[in-house]
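The lines below spell out each chain.
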Amino acid sequence: MKIKDYLLAAFTILLALSLSIAAVLFAAHEKRMELAQKEPVSFQTPENLPEELLPTEPTTEEPTTTTEAETVTEPPTETESHSIPSDDSRIYFTNYTFQTVDTSYFDDAVFIGNSRLQGFILYSKIPDLRAYTYVGMTVKSYFTKAEFNINGTQMTAAEALENTPDFQKVYLKLGINELGWVSTEQFIDSYSKILEHIYSCNPNAIIFINSVLPVSQAAIEKDPTLSQEKIIEYNKAIQEMAAKYGACYLDVASIFTGEDGYMPYEYSFDGVHLNADSIQLWLKYLLEHGIEER
Amino acid sequence: MKKQITRHAFLLLMIATMFMALTACSNNNGNSTKETTSLVPVELNITEISQSILDSGVFADELSQVDSSYSEMLMNITKEEYVSAMIYMGSGATAERLILFEAADNTAAAALEEKCASHVKEQAEAYAGYLPAEVDKLEHAILKTSGKYVILCVAEDYSKAEEMIQELFV
């Protein structure tokens, strides 16, 4: 009898313990499910911005020492190895031959530039283009702003390119964020350093330099730093730089310039950034201006 | 003696039952039935949800769909980190965007949410020096996770967008 009683007591205790453990486990599960639901997060901007993120003031970009203006080499017009197509005289190139290509042409290309080029990448409807683009990129921040996470390391565009295997072509698009700079020479001097850097990564790379696109009159009225005259001046200088370095100047601006010299309203949302439909016109232009490999 | 053991056993059973009741109750915290988490994972149609939000008029910009392969370029989120994604970006004239992810599970969704939060902070820094008027939208970005789903919305009418998302993203 005695043993039976003890067995009964033991069973009762065991049952009570099991029920308690089950209760604790059930409560823990409820808590986990609750944690899966979260409130929306609110964000605050940092109070103090790094200097490089502040709007560019023209005076800060002036060189502190005067330098002699560089002699710009007269661009070659014809060589024995090519002829300028009669319907494409606005394009500067050296010993290249243009051909129409398909999107596989971009497989070994890298696109580097500002928000306008980022728009091209996103709305081109071509997946997996290799691109180092960001809002506000300039010819200087190419070397200074670590915007890209490559294998867990934050890198500048320059460093990212150094870590990009097997690129053969580079498409560049810069200039709109530098319109407020006082000195065209300084802009070109910095742009030239980018070309030199690209060639140091791949001496045989084909560099395509997209001209600075026009802006609309309404955009200029809203933002006085935008200037169609400055854009034209920059593009002329870029064209000369491209010839000097053997890069290919692509006058994409010509397809988005209206008769009045400004970007027509229908191409853009804000007079500066192309809309998704207009990006297809840009893409068509690039596909019609592929270059035979050197 | 037998009566005593029986009485003790009954007491123990009562204590265990009370303990179970207390621990179960302590995790409700007075929440309403509507907010009680279902044990069955909710399946959401992110295509339909994104279209509803796009059609609602909360955006000032023209948003266009972007190939999901660009999640890495935009947000440092690789294709392997989600099952599917819907990405809509503005023209570049604004910071507006609408991004939805379906992750493999809740843990993966939590990781995506962290990366989305970092992305918004980075964009706020970039736009502060580029288009300062857009910073307000980024400060009021809506970032919500529901099970294995994550949504990020940066919109002009962020109040209306948040209301919609609260209803659609349960």
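Data block above holds the structure.
Values in this document were obtained by computation on a predicted structure and should not be read as measured data. (Residues numbered from 1 in each chain as written. Chains lettered and ligands numbered in written order. Predicted model: local features only at pLDDT ≥ 70, side-chain atom pairs only at ≥ 80, totals over all residues. Heavy atoms only, no water.)

### A look at unusual backbone geometry
Right, so step 1: Phi angles above zero are rare outside glycine, and Asp 128 of chain A is one such case at about 60°.
Right, so step 2: Assignment of secondary structure puts Asp 128 of chain A in the loop between helix 2 (115-123) and strand 3 (130-133). (Helix = DSSP H or I, 4+ residues; strand = E, 2+ residues; numbered from the N terminus.)

### Comments concerning the pattern of salt bridges
Right, so step 1: All told, the structure shown has twelve salt bridges over all chains when counted by the stated rule.
Right, so step 2: Here Lys 236 of chain A ties to Glu 240 of chain A by a salt bridge, and the two come within 3.1 Å at their closest N and O atoms. Here Lys 236 of chain A pairs with Glu 240 of chain A, and both are found in helix 7 (residues 228-245), just four residues apart, close to one helical turn.
Right, so step 3: For Lys 236 of chain A, a relative accessible area of 51% gives the class exposed.
Right, so step 4: A salt bridge links Glu 156 of chain B to Lys 137 of chain B; its shortest N-O distance comes to 3.3 Å. Taken as a pair, Glu 156 of chain B in the loop between strand 5 (149-154) and helix 6 (158-168) and Lys 137 of chain B in helix 5 (residues 135-139) lie far apart in primary sequence, 19 residues in all. (Salt bridge = Lys/Arg side-chain N within 4 Å of Asp/Glu carboxyl O. Buried < 20%, exposed > 50% of the residue type's maximum accessible area, 1.4 Å probe, protein only.)

### A word on the pairing of strand 3 (residues 97-102) of chain B
All names here are of chain B.
Right, so step 1: Counting buried residues in strand 3 gives six out of six residues, a clear majority hidden from the surface.
Right, so step 2: Because side chains alternate across strand 3, one face comprises the buried residues Arg 97, Ile 99 and Phe 101, and the other comprises Leu 98, Leu 100 and Glu 102, equally buried.
Right, so step 3: With six bridges connecting them, strand 2 (residues 84-89) and strand 3 associate as antiparallel partners. Considered in strand 3, the bridge of Tyr 88 is made with Leu 98.
Right, so step 4: Bridging between strand 3 and strand 5 involves six bridges; their strand directions are antiparallel. Paired with Glu 102 across the bridge in strand 5 is Tyr 149. (Pairing = 2+ DSSP bridges.)

### What about the nonpolar core?
Right, so step 1: Counting residues in hydrophobic clusters, the biggest one holds 63 residues, and the most contacted among them are Phe 106, Phe 111, Phe 120 and Trp 282 of chain A together with Phe 101 of chain B.
Right, so step 2: Top element by residues in this core is helix 4 (residues 106-130) of chain B. It accounts for nine residues.
Right, so step 3: Apart from the residues lying within four places of it in its own chain, the contact partners of Phe 106 of chain A are Phe 111, Ile 126, Leu 129, Tyr 171, Leu 283, Leu 286 and Leu 287 of chain A.
Right, so step 4: Of all hydrophobic cores here, the second largest spans 45 residues; its members include Ala 158, Val 212, Ala 219 and Tyr 234 of chain A. (Core = buried A, V, L, I, M, F, W, Y, C linked by side-chain atoms within 4.5 Å. Contact = heavy atoms within 4.5 Å.)

### Quick notes on helix 5 (residues 184-201) of chain A
Residue and element names in this part refer to chain A.
Right, so step 1: Between its terminal C-alpha atoms helix 5 stretches 26 Å, which fits the 26 Å expected from 18 residues at 1.5 Å a residue.
Right, so step 2: All of the buried residues along helix 5 are Thr 184, Gln 186, Phe 187, Ile 188, Ser 190, Tyr 191, Ser 192, Ile 194, Leu 195, His 197, Ile 198 and Tyr 199.
Right, so step 3: Turning to helix 5, the residues buried within the fold contact helix 3 (141-144), helix 4 (157-162), strand 6 (169-173), strand 7 (206-210) and helix 7.
Right, so step 4: At the N-terminal boundary of helix 5, the capping side chain belongs to Ser 183, with an oxygen 3.3 Å from the backbone nitrogen of Glu 185. (Expected span 1.5 Å × (residues − 1). Polar contact = N/O pair within 3.5 Å; in protein donor to acceptor, adjacent residues only side chain to side chain.)

### Concerning empty space enclosed by the protein
Right, so step 1: Counting across every chain of the model gives one cavity of 30 Å³ or more.
Right, so step 2: Approximately 40 Å³ is the volume attributed to the largest cavity.
Right, so step 3: In this structure, the largest cavity is lined by Ser 115, Arg 116, Gly 119, His 273, Leu 274, Ile 279 and Trp 282 of chain A together with Ser 91 of chain B.
Right, so step 4: No other element matches the three residues that helix 2 of chain A contributes to the lining of the largest cavity.
Right, so step 5: Of the residues belonging to the lining of the largest cavity, the class tally is three nonpolar, four polar and one charged. (1 Å grid on protein atoms, 1.4 Å probe; cavity = no way out; pocket = protein on both sides within 12 Å on 5 of 7 lines; lining within 4 Å. Points joined across faces, edges and corners; volume = space filled by probe spheres on them. Nonpolar A, V, L, I, M, F, W, Y, C, P; charged D, E, K, R; others polar.)

### Notes on the side chain of His 119 of chain B
Right, so step 1: Summarising the element assignment, His 119 of chain B is placed in helix 4.
Right, so step 2: Note on His 119 of chain B: relative accessible area 2%, which makes it buried.

### Re the sheet that holds strand 3 of chain A
Two modes of strand pairing occur in sheets, parallel and antiparallel, and in both the strands are linked by backbone hydrogen bonds.
Residues and elements named next belong to chain A.
Right, so step 1: Overall, parallel pairing links the five strands, which are arranged 3-2-6-7-8 in an open sheet. Here the strands that pair on one side only, and so sit at the sheet edges, are strand 3 and strand 8 (248-250). Within this sheet the neighbouring strands show an average axis-to-axis angle of 20°, counted without direction.
Right, so step 2: In this structure, strand 2 (residues 109-113) lies alongside strand 3, joined through four bridges in parallel fashion. (Axes fitted to C-alpha atoms, helices over the stretch in contact; angles between N-to-C directions.)

### Focus: the packing of helix 2 of chain A against helix 8 (residues 276-287) of chain A
All names here are of chain A.
Right, so step 1: Where helix 2 contacts helix 8, the axes come no closer than 9 Å and their chain directions differ by 90°. Taken together, the axes of helix 2 and helix 8 lie roughly perpendicular to each other. Contacts between helix 2 and helix 8 involve Arg 116, Leu 117, Gly 119, Phe 120 and Tyr 123 from the first element and Ala 276, Ile 279, Gln 280, Trp 282, Leu 283 and Leu 286 from the second.
Right, so step 2: Of the residues belonging to the contact of helix 2 with helix 8, the class tally is eight nonpolar, two polar and one charged. (Parallel < 35°, antiparallel > 145°, perpendicular 65-115°, else oblique.)

### Observations concerning the sheet that holds strand 2 of chain B
Residue and element names in this part refer to chain B.
Right, so step 1: Judged by pairing direction, the sheet is antiparallel, and its five strands sit side by side in the order 1-2-3-5-4 without closing on themselves. Of all strands in the sheet, those with a lone pairing partner are strand 1 (64-66) and strand 4 (142-146), marking the two edges. Taken pair by pair, the neighbouring strands of this sheet meet at an average axis angle of 15°, ignoring direction.
Right, so step 2: Both strand 1 and strand 2 contribute to a ladder of three bridges, which runs antiparallel. Directly across from Gln 65, in strand 2, lies its bridge partner Tyr 88.

### Considerations on the pairing of strand 5 of chain B
Residues and elements named next belong to chain B.
Right, so step 1: The buried fraction of strand 5 is high, at six of six residues.
Right, so step 2: Residue alternation in strand 5 divides its side chains into two sets, Tyr 149, Ile 151 and Cys 153 and Val 150, Leu 152 and Val 154, and both sets are buried.
Right, so step 3: Judged from the five bridges that link them, strand 4 and strand 5 form a sheet pairing that is antiparallel. Residue pairing in the sheet places Leu 143 in a bridge with Leu 152 of strand 5.
Right, so step 4: The turn joining strand 4 and strand 5, which pair antiparallel and follow one another in sequence, is formed by two residues; a positive phi near 60° is taken by Gly 147.

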